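A structural walkthrough
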Amino acid sequence: MQAKKRYILVFVSCAFLAYCYFGGYRLKVAPHRPRRAQHESAKDGGVQPYAQLPSFMGYEQRQPLTNESTVAVATVAAPGKRKPPVAACRMETCFDFTKCYDQFLVYVYPPEPLNSLGAAPPSSPNYQKILTAIQESRYHTSDPAAACLFVLGIDTLDRDSLSEDYVRNVPSRLARLPHWNNGRNHIIFNLYSGTWPDYAEHSLGFDAGEAILAKASMSVLQMRHGFDVSIPLFHKQFPLRAGATGSVQSNNFPANKKYLLAFKGKRYVHGIGSETRNSLFHLHNGRDMVMVTTCKHGKSWRELQDNRCDEDNREYDRYDYGTLLQNSTFCLVPRGRRLGSFRFLEALQAGCIPVLLSNAWVLPFESKIDWKQAAIWADERLLLQVPDIVRSISAERIFALRQQTQVLWERYFGSIEKIVFTTFEIIRERLPDYPVRSSLVWNSAPGALLTLPTFADSSRFMPFLLNAMGVEPRHNYTAVIYVQIGAALGPNAALYKLVRTITKSQFVDRILILWAADRPLPLKKRWPPTYHIPLHVIALGGSSRGAAASPTGQTGPEARPSISQRFLPYEEIQTDAVLSLDEDAILNTDELDFAYTVWRDFPERIVGYPARAHFWDDSKNAWGYTSKWTNYYSIVLTGAAFYHRYYNYLYTNWLSLLLLKTVQQSSNCEDILMNLLVSHVTRKPPIKVTQRKGYKDHETARSPWNDPDHFIQRQSCLNTFAAVFGYMPLIRSNLRMDPMLYRDPVSNLRKKYRQIELVGS
């Protein structure tokens, strides 16, 4: 009996000790919080003191930091006083969609009146570029009642109170704006927020209210996802338009460069952002890893320098930054005082794959751009793993990443204009009734800015996506003949012969006559018989469409038509292929059929006969234009050429109004402008077929080609177009397409296109 009592006592004692040990541990972890609260904290990304960091993850296992994980990283990387996340604003709660139902237009507030000293309010060069890009675009409206978005005339780019570009008294200025309405339907552009020492991201010096922030260096804690837009940080010399193209050529992709990973930039001895850059020297080996920093910046750098400054400065001066960019496979992009860095865009342009070292940074346009295709993520806490990460990436992956850096740079980041327009298009796609472009469109050339979703229900109808999607163009073509002279129509007239030639083509779907001549339309009986081929005649006038007319003699409006009307997206054009012809073109049926067959293999390009060339004239410091027979060309005139009908839509609805005004005033150069547009979209030259030089009926005495000022005017147009585009889109080519057995010493009966052989050059 005594033994039994002792066993019971021992058992109870052990049970009590076990309860105290395990239960006490639970209570010791968080005595003031229930277990459910602890679980939810961990689930929401809370950082536990006993959490184990992974030892290493290869590149293929890594994923971009998500919203939840980056919140945890931000808590670790940047502790201290922090403002709570911005109040949730969604498009449904803080944006008035009713203002955007008709058109997506942007109103820019006029400059503020001069102050008492006669001085205009300050505005930085970059903000002036933003306003200029908007005011000279199709987005702009001068009527606030028609606007969907409002842009401030107040410079908000730099909100660092210690900066010379800081604009004061912004709250009172906002209060005076007639359409402010707590920021609803307004967009605020900002590059820098906060100041020394904490550079608080939320510190703008004014309440943005319900305005959309288009902001650089945004973090997942402060960004209102689906509402704000993250933009890149760009320097003061950044170009307004176009700018320099990417530094990598598509046919020149060495797998390995001299340096595997490189960085050259400032080092902060103390303060926010100093931890990351102060540790970079651990990665520097001077062979394939070059990490050079300098603390020689700022007015008081000598008072703040540490023991490594002198050595760092000497190593820093050994390397040229531009040379490092061009000769490095990967470029490190560490955070600075703020999350964003100039190094990001510089690396993209150079084709140096960015390795991001900025936890919680929301990358520019991250809602649309798939950055996994162009950048590598690293973790500030795992800096020493960066060399192993970049070494684990295959040569094929490097090739793809480098290509994508060039696509993104040239389509979205090469100029302030592109950054602003991309911001607008992201907001535009949030509207309820506007079509949303696919990820394929956003992340492949030519990009979303040149892919208008209102053209068709599916992107497979876009010329530049046909080959990528394995889709062939729809069969047959529409012949569009532009009549400017309007000679008497008879069996011997050039126009009569041309229509008769087209009707014999096996690929023609219909013929469209655009009558822009002063003479009245010929009677229906005067036109040649077209048999089963529909013939439509449209009398053009000063309106955008012109008055439709049948061949009965009806005329359109009396106002003089614009020559750009030949490129309107007429509803009569139902085929993908458009054969653009001048009324005095002299081509035979075989030439038309062969050119169409070539175009089907290159539906994104202009394919035709008359070729011209551009060149740089050093004596005039300007672009020159020539029709001389040279060993290269860069223009195929649309007087006898095939192209995709989408370019009519793009010409009419996308090109700058300044370009169209230049064409209208000169009544010339529309064919040059179409060539610049197609080359800008495709980054490819047109294609010339066979060796025919002349394609005009020389008996047509009133042809503008006989005007001695014709080429002078076209040369002036070419320089105006290049200035508006911001660069010269035209690309030279030496390629010419000829039929099989062309000019071969064999019987003509063995050749498919026999009439081509009979045509003189």
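Right above here is the structure, for reference.
These figures come from a predicted structure and were not determined experimentally.

Bringing the overall build of the protein chain into the picture now. Secondary structure summary: the protein chain contains 22 helices and 25 strands in total. Relative to its full complement of 761 residues, the protein chain shows a buried share of 53%. Across the protein chain, the fraction of contacts at a sequence separation of at least 24, relative to all contacts at a separation of at least 6, is 75%. For the protein chain, the exposed surface amounts to about 36200 Å²; the carbon and sulfur share of it is 53%.

It is worth spelling out the nonpolar core at this point. Counting 177 residues, the largest nonpolar core has Trp371 and Phe424 as the members making the most contacts within it. For Phe424, the contacting residues outside a window of four places in its chain are Phe104, Val106, Ile134, Tyr139, Leu149, Val151, Ile187 and Phe189. Counting residues in hydrophobic clusters, the runner-up holds 21 residues, among them Leu261, Met291, Ile353 and Val390.

Our next topic: the packing of aromatic side chains. Counted by the stated rule, this structure contains 32 aromatic pairs. An angle of 65 degrees between the planes, with centres 5.2 Å apart, marks the rings of Tyr139 and Phe424 as edge-to-face. With Tyr139 in the loop between helix 5 (125-135) and strand 2 (140-141) and Phe424 in helix 14 (residues 416-428), this pair connects stretches of sequence that are 285 residues apart. Among the residues examined, Phe424 registers a relative accessible area of 0% and is labelled buried. Taking the ring centre of Phe281 as reference, the NZ or CZ of Arg308 above it sits at 3.8 Å.

So, on to the side chain of Asp158. Of note, Asp158 is situated in strand 4 (residues 158-159). Nearest to the buried, unbridged Asp158 among oppositely charged side chains is Arg338, at 5.5 Å. Not counting residues up to four positions away in its chain, the partners in contact with Asp158 are Ser163, Asp165, Tyr166, Val167, Asn190 and Tyr192.

This next bit is on the sheet that holds strand 20 (residues 611-617). With respect to topology, 3 strands assemble into an open sheet ordered 21-20-22, the strand pairing being antiparallel. Sheet topology places strand 21 (622-626) and strand 22 (635-636) at the edges, where each strand pairs with a single neighbour. The strands that helix 21 (residues 710-725) touches are strand 20 and strand 21; relative to strand 21, the one it contacts most, it runs at about 135 degrees.

In this section: the sheet that holds strand 1 (residues 106-108). Within the open sheet, the 6 strands sit side by side as 2-1-3-5-7-8. Their pairing is parallel. Edge positions in the sheet fall to strand 2 and strand 8 (229-230), since each of these pairs with one other strand and no more. For strand 1 and strand 3 (residues 149-151), the ladder comprises 3 bridges, and the chain directions are parallel. Along strand 3, the bridge assignment pairs Val106 with Leu149.

Geometrically, the link from Trp196 to Pro197 is a cis peptide bond, its omega value of 10 degrees lying close to zero. With respect to the helices, strands and loops of the structure, Pro197 is situated in the loop between strand 6 (192-193) and strand 7 (212-215).

With that out of the way, let us pick up the state of the cysteines. Scanning the entire structure with this criterion turns up 5 disulfides. Here Cys89 pairs with Cys94 through a disulfide, and the sulfurs are 1.9 Å apart. Between Cys89 and Cys94, the S-S torsion sits near -90 degrees, and that sign places the bridge as left-handed. Judged by relative accessible area, which is 8%, Cys89 ranks as buried. Between the sulfur of Cys331 and that of Cys352 lies a disulfide, 2.0 Å long from S to S. Note on the Cys331 and Cys352 pair: the S-S dihedral is about 100 degrees, so by sign convention the disulfide is right-handed. Placement of Cys331 in strand 11 (residues 328-334) and of Cys352 in the loop between helix 11 (343-350) and strand 12 (353-357) is noted, with a sequence separation of 21 residues between them. In terms of burial, Cys331 and Cys352 fall into one category: buried.

Okay, helix 20 (residues 670-682) next. The terminal C-alpha atoms of helix 20 lie 19 Å apart, and with 13 residues this matches the ideal 18 Å at 1.5 Å per residue to within 8%. Of all 13 residues in helix 20, 13 are buried, a share of seventy percent or more. Of the residues trailing helix 20, Arg683 is marked for its positive phi of about 60 degrees.

The next point concerns the pairing of strand 21. Of all the 5 residues making up strand 21, 4 are buried; the element is thus mostly covered by neighbouring parts of the structure. Sheet topology note: the strand 20/strand 21 ladder contains 5 bridges and is antiparallel. Counterpart to Asp617 in the pairing with strand 21 is Ala622. Once strand 20 ends, the chain turns through 4 residues before running back antiparallel as strand 21, passing Asn621 with a positive phi of about 55 degrees.

This part takes up the pairing of strand 14 (residues 477-483). Across the 7 residues of strand 14, 7 count as buried, placing the element largely inside the fold. Here strand 14 shows a buried face lined by Tyr477, Ala479, Ile481 and Val483 and a second buried face lined by Thr478, Val480 and Tyr482. Sheet topology note: the strand 14/strand 15 (residues 508-515) ladder contains 7 bridges and is parallel. Counterpart to Ala479 in the pairing with strand 15 is Ile511. Regarding topology, helix 16 (residues 494-503) serves as the crossover connection from strand 14 to the parallel strand 15, and that connection is right-handed. Examined bridge by bridge, strand 14 and strand 18 (residues 577-582) share 6 bridges and lie parallel to one another. What sits directly across from Tyr482, in strand 18, is Asp582.

A separate point is helix 13 (residues 395-413). For the α-helix, the turn length of 3.6 residues means that residues three or four positions removed from each other point alike. Over its 19 residues, helix 13 extends 26 Å from the first C-alpha to the last, a length consistent with the 27 Å expected when each residue adds 1.5 Å. The complete set of buried residues in helix 13 reads Ile398, Leu401, Arg402, Gln404, Thr405, Gln406, Leu408, Trp409, Glu410, Arg411, Tyr412 and Phe413.

At a minimum axis distance of 7 Å, the contact between helix 13 and helix 14 shows a crossing angle of 85 degrees. Judged by the angle between their axes, helix 13 and helix 14 are roughly perpendicular. Contacts from Glu410, Arg411, Tyr412 and Phe413 of helix 13 reach helix 14 at Lys418, Ile419 and Thr422. A per-class count over the contact of helix 13 with helix 14 returns 3 nonpolar, 1 polar and 3 charged.

Cut-offs and rules
- Residues numbered from 1 in each chain as written.
- Predicted model: local features only at pLDDT ≥ 70, side-chain atom pairs only at ≥ 80, totals over all residues.
- Heavy atoms only, no water.
- Helix = DSSP H or I, 4+ residues; strand = E, 2+ residues; numbered from the N terminus.
- Buried < 20%, exposed > 50% of the residue type's maximum accessible area, 1.4 Å probe, protein only.
- Contact = heavy atoms within 4.5 Å.
- Areas by Shrake-Rupley, 256 points an atom, 1.4 Å probe, with all protein chains shown as cover.
- Core = buried A, V, L, I, M, F, W, Y, C linked by side-chain atoms within 4.5 Å.
- Phe/Tyr/Trp six-rings, centres within 6.5 Å; stacked < 30°, edge-to-face > 60°.
- Lys NZ or Arg CZ within 6 Å of the ring centre and 35° of its normal.
- Lys, Arg positive; Asp, Glu negative; His and termini not counted.
- Salt bridge = Lys/Arg side-chain N within 4 Å of Asp/Glu carboxyl O.
- Pairing = 2+ DSSP bridges.
- Axes fitted to C-alpha atoms, helices over the stretch in contact; angles between N-to-C directions.
- Disulfide = S-S within 2.5 Å.
- Expected span 1.5 Å × (residues − 1).
- Right-handed = clockwise from strand over helix to strand, strands pointing away.
- Parallel < 35°, antiparallel > 145°, perpendicular 65-115°, else oblique.
- Nonpolar A, V, L, I, M, F, W, Y, C, P; charged D, E, K, R; others polar.

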